[in-house]
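Breakdown of the fold
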Amino acid sequence: MVFNSLHFLVFFPAVYVVYRALPHRGQNWWLLLASYYFYAAWDWRFLGLLIASTLVDYGCARVLARAEDPHRRRWILIVSLGFNLTVLGFFKYFNFFAESLHDLFALAGWQVDFITVRVLLPIGISFYTFMTMSYVIDVYRREIEPSRNLLDFALFVAYFPHLVAGPILRASKLLPQIARPRTIARAQIVEGLWLIGLGYFKKVFVADNLGHLADGIFASDASLTGPDVLLGIYAFAFQIYGDFSGYSDIARGASKLMGIELNVNFLFPYFVTSPQAFWRHWHISLSTWLRDYLYIPLGGNRGTTWTTYRNLMVTMVLGGLWHGAAWPFVLWGVYQGALLIVYRATGLAERLDRAAEMRRAAVVGLAWLVMFHLTCLGWLIFRAESATQIAALLGALPHGWTGHAEAWSRLGGPLLFYVGPLLAIQLLEVRRQDLMAVPQLPLPVRYAIYVAIGFFILLFGDFQGAQFIYFQF
Amino acid sequence: MSVGRRGVILLLIIVAQWAVFEAGLRLSASSEAAPGFRALFMPDDRIGYRLRPGAQTHFATAEFETDIAINSSGVRDLPIGPKPPHERRIVILGDSLVMAVQVPLAQTFAKRLEDRLNASATPPARYRVINAGVQGYGPVEQLLFFERVVAAFEPDLVLATVFVGNDATEAAISEWRLTPTTERPAAAVSQEHATRLRRLLRASVVWQIVRLRLQTALTSLSGPVPERPLAVYLSDESPEIARGLVVTRECLANLDRLAAARHARTALVLMPARLQVDPEDESQLAEIVRRHGGTLVRDIATERFRTALSPLNLPTLDVLPVFRASASAGASASAKGPVGTNAGVSVGAGARLFYQQTMHLTPHGHEVLAAALDEFLRERGLLSATAPEHLPAAGR
């Protein structure tokens, strides 16, 4: 089930009405049933995998908590991580590695046919697997106590707002909210409704409409000029932001209505001036997961300069691979790692932070412009289907800047139309440094924004039910 | 602040923004719901509607930008005067795929075909290919349009374009128009009421879009198959589709008789839908149909039309193999890497046949179709039969 389907628009109110009428334990049972239904609506066969993952990690964490012998504890952790990584590896990466090895051997002139399997990628597997792994690791590190209630833990894993596209939640954040009775404040309802409305606006008005513009470039066979490519990349940059942050907003909003707070996953990522800041503002739940469970265990920045760079690169390459089993994602990871290393090696990140503190607008503005385009270059790598296409699009960039005003009117106008209203809201939020700035505006102003968003969705929204991009991850 | 005051403020804001969006939509020409586009059409007591002579508009979307002009005869073509002695005329009947508002007139397959024919014609003989397609027309409307408008163009050859994706459904819905004295069926009456209501609501573009959204949402919630046109691709043939195929055959037989009475020949063009050529499109639609309990069979619509129309014994061009060959040639060329062009870089060599959003032909699609028609007309002797030197003067 996707948030932008009619199915969900019927499902959620029905779940919510019953939810509000139940006592705490009943609410948890009801949410678990609803979450399993939500997942099964996509493909019921993979429900077994979700339940198996829940049972294995619940059991491992319980045994871990009782075990004192470090050797035994390590083995239990290995069993849990092994299970999760095997499942993830099989469904997500098996074919990728088999095919890549085949190609590698073919380059050397050896024809070795590896077995490839045609399997569906279970939706959301990257998200819930990372959640359960972090839970077991936290228990292993004795940072949290294991859940003693299977129902609560099952709901932690399967809770439908975050189930298929995050945020990737930590047990320390979500489990206590599940375990204790919830009260729903009026502010939560107002903020929840605003986030849901904003999320749909980002998805069906911004992302899905810009998707057509971006597809016109990335899936085009026609000859392309520099303005075509540049505007197409801008369109994809805001498409992926609208798509993913829109999903996160709907997830957070729906959860707020039920009295459960989810993590903020995006914090104005296109307003930053360095790659370090970008990863503190983009897909925050993934970047903090990679920091806490990969970068720091690898040694973080505690070793030599070179080991720090190595750790950054390994983390970003694996982060790229997390997005999908394809070489462009690996290349994107390498690119992001290289950006982090360059900004770190030159001290640019710190200098830009200082410039921002000193309010040096010209420096900050220039740094922002550069960073935004570096981010866009990353999206080109991310979205491209092959290295050949990356080269072709980059090769087209310098061409056709004179005498091709048609591209600006054909692509620039719609781009401005779909991005402009979003940027207006974001500028307000950035200025106030508050994601909930709009619900706090004077009544006529906020009503005007609510109504405008409603009109934009209703009149110009794309209701073809396009899947959220991050579902595939 | 009281609930009443809040309500008043909200209402005022809604009304004010409604007006702003209304004005914006009226000024822009990026939607077929925009008044500029709708002004291309006028009511017709027999056909329902037709193109308004002399109407013109500029139509722009994210994918294309065109100027559309309707000539004084009521078709999207250059002015049509009396037929000169050495001119041979081919009229192409059909729906939006023929009218082709997505591309300039010169890039439509009708005009490209005209260019091709004239390039090989021996002066003073020349060909005139007339684009007589009208958005939304099915076989019934094509027949009536021929009677009322197109017959006057003195065609030598009539090419009736049958869009296999929705013509059966449209023929079944419009059958009552063939005998205007017959009482209209309930579905047609309700459509008529809907049309009247639509006319009323046309006063507001905003409301029209909202209504369309709600209607689509309700249909997808209640119907077994979300989109009616997809019905012709279902493995189980519905009574409506069966009836539509019969009506289509009758209409085309009548068209052939009318044309023959004017010494013109008739040929058929079977146009596939994009899903039959684009595997990605097909799999998406098959999934939608599957979710609603049906099975989508990619080529069944073409096969149904071919079977239904075979008793007519009319020369028929099935465009499906042509498009498929072109698509696969493009795909294999793409797989070999990009090809540079004069205006930058072409990413993948094979140009697309259909637009992404509108599912209509791109300029490349029109070119492929024009080439196929050129070859078809020559191979089937449809040009020689109409060539000036072979036609007795008395026959004109």
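Residues numbered from 1 in each chain as written. Chains lettered and ligands numbered in written order. Predicted model: local features only at pLDDT ≥ 70, side-chain atom pairs only at ≥ 80, totals over all residues.

Right, let's get into unusual backbone geometry. That bond from Pro123(B) to Pro124(B) is cis: its omega, 10°, falls within 30 degrees of zero. Mapped onto the secondary structure, Pro124(B) falls in the loop between helix H4 (109-120) and strand S6 (126-133). Phi at Phe268(A) takes a positive value of approximately 50°, unusual for a residue other than glycine. Looking at the element boundaries, Phe268(A) is found in the loop between helix H10 (226-257) and helix H11 (275-281). (Helix = DSSP H or I, 4+ residues; strand = E, 2+ residues; numbered from the N terminus.)

Residue and element names in this part refer to chain B. Overall, parallel pairing links the five strands, which are arranged S6-S5-S7-S8-S9 in an open sheet. Each edge of the open sheet is held by one strand with a lone partner, namely S6 and strand S9 (316-318). Averaged over all pairs of adjacent strands, the angle between their axes in this sheet comes to 20°, without regard to strand direction. The pairing of strand S5 (residues 87-94) with strand S7 (residues 157-163) spans four bridges and is parallel. From the neighbouring strand, valine 91 faces S7, where its bridge partner is valine 158. (Pairing = 2+ DSSP bridges. Axes fitted to C-alpha atoms, helices over the stretch in contact; angles between N-to-C directions.)

The next point concerns the confidence of the model for chain B. Residues and elements named next belong to chain B. With 78% of its residues at a pLDDT of 70 or more, chain B shows a mean pLDDT of 81. Predicted confidence is poor over residues 334-350, with pLDDT under 50, and the contacts of this stretch with residues over four places away or in other chains come to 49 contacts. Across the interface, the model reports ipTM at 0.75; the global pTM reads 0.68. (pLDDT = per-residue confidence, 0-100. Contact = placed C-beta atoms within 7 Å.)

Turning next to the packing of helix H9 (residues 186-218) of chain A against helix H19 (residues 443-460) of chain A. The geometry of a pair of packed helices is captured by two quantities: the angle between their axes and the separation between those axes. Residue and element names in this part refer to chain A. With their axes 9 Å apart at the nearest point, H9 and H19 run at an angle of 40° to one another. One finds that H9 runs oblique with respect to H19. In the crossing of H9 with H19, the sense of the turn from one axis to the other is left-handed. In this structure, H9 uses Gly197, Tyr200, Phe201, Val204, Phe205 and Asn209 to contact H19, whose residues at the interface are Tyr450, Ile453, Phe456, Ile457 and Phe460. Broken down by class, the residue content of the contact of H9 with H19 amounts to nine nonpolar, two polar and no charged. (Parallel < 35°, antiparallel > 145°, perpendicular 65-115°, else oblique. Left-handed = near helix turned anticlockwise from the far one by under 90°. Nonpolar A, V, L, I, M, F, W, Y, C, P; charged D, E, K, R; others polar.)

Residue and element names in this part refer to chain B. With seven of seven residues buried, S7 is to be regarded as a mostly interior element. Burial along S7 is two-sided: Leu157, Leu159, Thr161 and Phe163 and Val158, Ala160 and Val162, pointing in opposite directions, are all buried. The pairing of S7 with strand S8 (residues 265-271) spans seven bridges and is classified as parallel. The partner of alanine 160 across the bridge, within S8, is leucine 268. (Buried ≥ 20, exposed ≤ 12 C-beta atoms within 10 Å, placed from the backbone.)

Residues and elements named next belong to chain A. It is at 10 Å that the axes of helix H3 (residues 47-66) and helix H6 (residues 150-158) come closest, and there the two elements cross at 130°. Considering the angle they form, H3 stands oblique to H6. The two elements H3 and H6 cross, and the hand of that crossing is right-handed. Residues Leu50, Ser53, Thr54 and Tyr58 of H3 form the contact with H6, whose participating residues are Leu150, Phe153, Ala154, Val157 and Ala158. Residue classes in the contact of H3 with H6 are distributed as seven nonpolar, two polar and no charged.

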